[in-house]
Amino acid sequence: MNLHEYQAKEQFAKFGIAVQTGKVASTAEAAYNIAREMGVPVVVKAQVLVGGRGKAGGIKLAQTPEEAREKASAILGMSIKGHIVHKVLVVPAANIAKEIYLSVTNDRAAGKPLLMASAEGGVEIEIVAKENPKAIIRQHIDPFLGLREYQARDVAAAMSLPRDQWRAFAKIALNLYACFVGTDSVLAEINPLVINDKNELLALDGKMIIDDNALFRQQVLEEQRDV
């Protein structure tokens, strides 16, 4: 079961990961009202259960509420890889200093969860894996011990993150793993995890896939399924 970006971010926030605060709109007028309430340049993001939204024109920057209405009108109803956009997420525009990829998934061959990270965030990880596989840092997690802080710090060091960011990165990685386990996920992904102009780490996007076999334990999430 896939979650929309706004749904994944709600789960991240529950587990202590800093995310952009945004609101969902199903009409252009609602997007206008949200942008006016925020009072800053905003990004209007299509909510569909596929990747490649940016390339398809499903993510647009709006400098004014009127422009947010115009962008939302253009995005709502469009088809992205066969998926019709019924909702948009309106979030404040962020000043980005660096983009990072971070995820936890299952490595079925190893029989363990796998933490994956890359300093080349903001693009599809498949592209990074194909063009620069050494840029992806992998760290297996003992399912009985969980992710250890030193493992997360090792990943931060391997990505050449500034040392003053190691502690914050490790905290987010540990919280993402807790989210992964707590929601019975097969994937919990932040792409990008950004360092903003205030030197803060912030989840700008989110993707989660919940194990269908565990939905009897995740009834609240199952109720959010978009069919």
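Read on for a plain summary of the structure. (Residues numbered from 1 in each chain as written. Predicted model: local features only at pLDDT ≥ 70, side-chain atom pairs only at ≥ 80, totals over all residues. Heavy atoms only, no water.)

Below, the discussion takes up the nonpolar core. Grouped together as the largest cluster of nonpolar side chains are 38 residues, with contacts concentrated most on F12, L102 and F169. At the level of secondary structure, the elements contributing two or more residues to this core comprise α1 (5-14), β8 (96-107), β9 (112-118), α5 (149-158), α6 (166-182), β11 (185-196), β12 (201-203) and β13 (207-210). Among the elements that make up this core, the one with the highest residue count is α6 (nine residues). Setting aside residues up to four positions removed in sequence, L102 forms contacts with L115, M116, A117, F169, I172, A173, L176, A188, E189, I190 and L193. Core analysis: the second largest hydrophobic core is formed by 19 residues, A28, A31, M78 and V88 among them. (Core = buried A, V, L, I, M, F, W, Y, C linked by side-chain atoms within 4.5 Å. Buried < 20%, exposed > 50% of the residue type's maximum accessible area, 1.4 Å probe, protein only. Helix = DSSP H or I, 4+ residues; strand = E, 2+ residues; numbered from the N terminus. Contact = heavy atoms within 4.5 Å.)

Bringing the packing of aromatic side chains into the picture now. All told, the structure shown has one aromatic pair when counted by the stated rule. Here Y177 and F180 contribute two aromatic rings whose centre-to-centre distance is 6.2 Å and whose plane-to-plane angle is 25°, an arrangement assigned as stacked. Remark: F180 and Y177 occur in helix α6; sequence separation between them is three residues, near one turn of the helix. This pair shows no difference in class: Y177 is buried, exactly as F180 is. Stacked on the ring of Y32, the Lys or Arg R69 has its end atom at 4.1 Å from the ring centre. (Phe/Tyr/Trp six-rings, centres within 6.5 Å; stacked < 30°, edge-to-face > 60°. Lys NZ or Arg CZ within 6 Å of the ring centre and 35° of its normal.)

Here E5 shows up in helix α1. Accessibility expressed as a relative area gives 5% for E5, which makes it buried. At a separation of 2.8 Å, a polar atom in the side chain of E5 contacts the side chain of K9. Apart from the residues lying within four places of it in its own chain, the contact partners of E5 are K45, Q47, R53, L89, L204, D205 and G206. (Polar contact = N/O pair within 3.5 Å; in protein donor to acceptor, adjacent residues only side chain to side chain.)

The angle between the axes and the distance between the axes are what describe a pair of packed helices. With their axes 8 Å apart at the nearest point, helix α2 (residues 28-38) and helix α3 (residues 65-75) run at an angle of 150° to one another. The handedness of the crossing between α2 and α3 is right-handed. In this structure, α2 contributes A28, E29, A31, Y32, A35 and R36 to the contact, and α3 contributes P65, E66, A68, R69, A72 and S73. Its residues assigned to classes, the contact of α2 with α3 shows seven nonpolar, one polar and four charged. (Axes fitted to C-alpha atoms, helices over the stretch in contact; angles between N-to-C directions. Left-handed = near helix turned anticlockwise from the far one by under 90°. Nonpolar A, V, L, I, M, F, W, Y, C, P; charged D, E, K, R; others polar.)

Now for unusual backbone geometry. Here the amide bond leading from N191 into P192 is cis, since omega sits at 10°, within 30 degrees of zero. Mapping P192 onto the fold places it in strand β11. The residue K81 is not glycine, and still its phi comes out positive at about 55°. Mapped onto the fold, K81 is located in the loop between β5 (79-80) and β6 (83-84). Located in the positive-phi region is S160, a residue other than glycine, with phi close to 60°. Structurally, the position occupied by S160 is in the loop between α5 and α6. Exposure remark for S160: the relative accessible area of 61% places this residue in the exposed category.

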